[in-house]
Protein chains: 2
Amino acid sequence: MALIDAIREQLTRLRVMPSGLVVAVSGGADSVALLLALTKLRPSPLGGRGDGGEGGEPIVIAHLNHCLRGDESDGDEQFVRQLHADLVNLGARSLELAVARIDVAALAAQSGGNLEATARRERYRWLAETALRFNHSRVATGHTADDQAETVLHRLLRGTGLQGLRGIAVRRELQPGIELIRPMLTATRADVLAFLRENDHSYREDRSNADLTYTRNRIRHELLPLLTANYNQSLVSHLGQLAEQASEVFSELERQAGELLQTCELPPAGPLRILDAVKLARASRQMVREALRLLWQREQWSRDGMTFQDWDRAAAVALGELPAVDLPGRISVRRKGSVVQLGSFHIFTV
Amino acid sequence: MALIDAIREQLTRLRVMPSGLVVAVSGGADSVALLLALTKLRPSPLGGRGDGGEGGEPIVIAHLNHCLRGDESDGDEQFVRQLHADLVNLGARSLELAVARIDVAALAAQSGGNLEATARRERYRWLAETALRFNHSRVATGHTADDQAETVLHRLLRGTGLQGLRGIAVRRELQPGIELIRPMLTATRADVLAFLRENDHSYREDRSNADLTYTRNRIRHELLPLLTANYNQSLVSHLGQLAEQASEVFSELERQAGELLQTCELPPAGPLRILDAVKLARASRQMVREALRLLWQREQWSRDGMTFQDWDRAAAVALGELPAVDLPGRISVRRKGSVVQLGSFHIFTV
């Protein structure tokens, strides 16, 4: 029951009904368990809620065949088609199926992108399209607390700063009007496997973990088991709480940084963005860094290669500790009297 | 020069002169390097600054013999006495020595406390006393970026939440008027060893690392080397930046939470503390949790055993999501109309 309870609690916190959803189903243990749990959690047509209303909206099983592992990929697709047929035969109502194939390898070669990133981008794009086609506003994926712990550890080891510790978001916008949710994010992989055993349900073993990078695979198969066995049995749930806390802290900081940016921004001078240095100086250094990040995001200035130190040096200029700084992405920040000027490198050099 | 530069930069950021300090010197590599670096960084009497003023105030070498390792402890004490004599003979000015002995094992047995905690408490107490005796307001310890990384990893593995990631503070109050600073917190142990080699200076090997717990020793000798070698060469500095960021974020949050508490607190009703639920509801959940932490701290209610979930459940009552909760430390939180009542368990049960 641990899995069902964890999903129910998460859906309650998200204020989402367990229906009217597109569920991404790869055929692996996690997504199969999510699908089964959601069908069990749907209000019964004989129950108090009746078959009408939101409870009756279909669940869409969505499977994208990435065609990356030949027969094995086709076997996954076949498994998901059969799963849908079996559930319908067993009396599951309002259960739709959406299957598509995409040659990710060819697409990645064409765009010169990396395989993993291309696969993810195409998958989420197709899931959003599928939601639109079925007139649903939500897509659910089967990410677990173990995925969350691996992500947090990965980010920690890469050194992405406190922001990175937010890990996998329990909800985020896929595209305007379509939301991605992770209702299983507080359940562990052990909960998933126990649930499938109890329900005597099969799933496909994903041998290659094609979506996982080499480092990610080592974190999953070596580091996380080592840390759990030798340091803390509850590490997975601790890392999940850390991600939740980091996420809360940063949404609060971002809200405040947004207000700060609004308060401090002066009319642009041609191509330059202008901030009021006197007002900025009243904010904390942390808040100034966040406000600058928001400005970069809004202006679509490249944040590639911007390290913590770079943001901090930009904040140092804004706070009058440094006169000027040139940053990765060819953006410069200059202090000029009581204002801070920001803009493309070449504006300052000509 | 890496070590000298790191210490100089840290002192500049702390706005502290490299003199008029008590330096805690165990005789190990870290503290010996800190002492030597500080004597090198002191303004020269022949330099522009002259011998007067702050630059001329003495550095006090402070060594507390914990008497935990018999002859080895006495050897450490002897080494530090000799270090002081050698430096004075070499022409170091204004270098005082303070040495004391304390039977930590007996003290711990007497108070029933654990050895490590007792040693730390007594050491900092004595260092603060020594500062007072020499009319200094600062004590410096030789904690390095490696110590910081170990602390952050240790807290992460224990699951102390985002707060724990603040790690070792670069400055904190030891007692009113006496500040503890860690000017070497951005320098690595490798920087320390390179500096001692360059200066051809000896130090005592601390074989037992008596101050370190078993887990801490494993993190130092097994986990951190493994993560650095297999995942990220720059992990130590990344974890240091994470600690710095967490520290900044939390000092900002605590400031705001203090304001929130002040805004929301109503006059107490006998032994009960009363908060305005309507005003609390306008704050974020994160902020409510922090405000409650501050209240607990002020009231000296026990925070032992209070997990992240406990703080969160207390916040849930404050935000009207739960009617009441009984917490570890026998403190209860109750929602009553538009106010939140907080106080000792038995007040509510009688």
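Up top is the structure.
Note that the coordinates shown come from a computational prediction; the quantities given were computed from them, not determined experimentally.

A. Here's a closer look at unusual backbone geometry. At Cys67 of chain A, a residue that is not glycine, the phi angle is positive and equals roughly 55°. Here Cys67 of chain A falls in the partly exposed class, since its relative accessible area comes to 30%. We note that Asp200 of chain B has phi near 55°; this positive angle belongs to a residue other than glycine. Relative to the helices and strands, Asp200 of chain B is located in the loop between helix H8 (189-198) and helix H9 (214-230). Of the residues examined, Asp200 of chain B reaches a relative accessible area of 71% and is grouped as exposed.

B. Highlighting the interface of chain A and chain B. With 39 residues of chain A at the interface, the matching set in chain B holds 39 residues. Both faces combined, the contact of chain A with chain B buries some 3400 Å², and carbon together with sulfur accounts for 62% of it. Three residues stand out in chain A for area buried against chain B, namely Leu162, Tyr231 and Gln245 of chain A, and they jointly supply 21% of the buried area on that side. Linking chain A to chain B there are 2 salt bridges. Applying the counting rule to chain A against chain B returns 15 residue pairs in polar contact (both at pLDDT 80 or more).

C. Spotlight on the sheet that holds strand S11 (residues 339-344) of chain B. Residue and element names in this part refer to chain B. The 5 strands are arranged S7-S8-S11-S10-S9 in an open sheet whose pairing can be described as antiparallel. If you trace the sheet from one side to the other, it starts and ends with strand S7 (265-269) and strand S9 (324-327), each paired once. The mean angle between the axes of side-by-side strands here comes to 20°, regardless of whether they run parallel or antiparallel. The pairing of S7 with strand S8 (residues 272-276) spans 3 bridges and is antiparallel. Opposite Ala269, over in S8, you have Leu272 as the bridge partner. Strand contacts of helix H10 (residues 235-264): S7 and S8, with the helix running at about 55° to S7, the strand carrying the most contacts. Against the sheet, helix H13 (residues 308-318) touches S9, strand S10 (331-336) and S11, its axis set at about 150° to S9.

D. Spatial organisation of the relation of the copies chain A and chain B. When chain A is fitted to chain B, the residual RMSD is 0.0 Å, and the transformation amounts to a turn of 180° plus an axial shift of 0.0 Å. What the superposition gives is, in effect, a two-fold axis relating one chain to the other. A shared interface surface links the copies, since 100% of the contact residues of chain A are contact residues in chain B too.

E. Representation of the sheet that holds strand S6 (residues 178-181) of chain A in the model. Residue and element names in this part refer to chain A. Within the open sheet, the 6 strands sit side by side as S3-S2-S1-S4-S6-S5. Their pairing is mixed. What marks the edges here is a single partner per strand, and that holds for strand S3 (95-101) and strand S5 (171-175). For this sheet, the mean inter-axis angle between neighbouring strands, taken without regard to orientation, is 30°. Where S5 meets S6, 4 bridges bridge the pair, whose relative direction is antiparallel. Looking at S6, one finds that Arg171 is bridged to Ile181.

So, how was this worked out
- Residues numbered from 1 in each chain as written.
- Chains lettered and ligands numbered in written order.
- Predicted model: local features only at pLDDT ≥ 70, side-chain atom pairs only at ≥ 80, totals over all residues.
- Heavy atoms only, no water.
- Buried < 20%, exposed > 50% of the residue type's maximum accessible area, 1.4 Å probe, protein only.
- Helix = DSSP H or I, 4+ residues; strand = E, 2+ residues; numbered from the N terminus.
- Contact = heavy atoms within 4.5 Å.
- Buried area = accessible area lost by both parts, 1.4 Å probe.
- Salt bridge = Lys/Arg side-chain N within 4 Å of Asp/Glu carboxyl O.
- Polar contact = N/O pair within 3.5 Å; in protein donor to acceptor, adjacent residues only side chain to side chain.
- Pairing = 2+ DSSP bridges.
- Axes fitted to C-alpha atoms, helices over the stretch in contact; angles between N-to-C directions.
- Least-squares fit on C-alpha atoms with pLDDT ≥ 70 in both.

Scope: geometric values only; no functional claims are made or implied.
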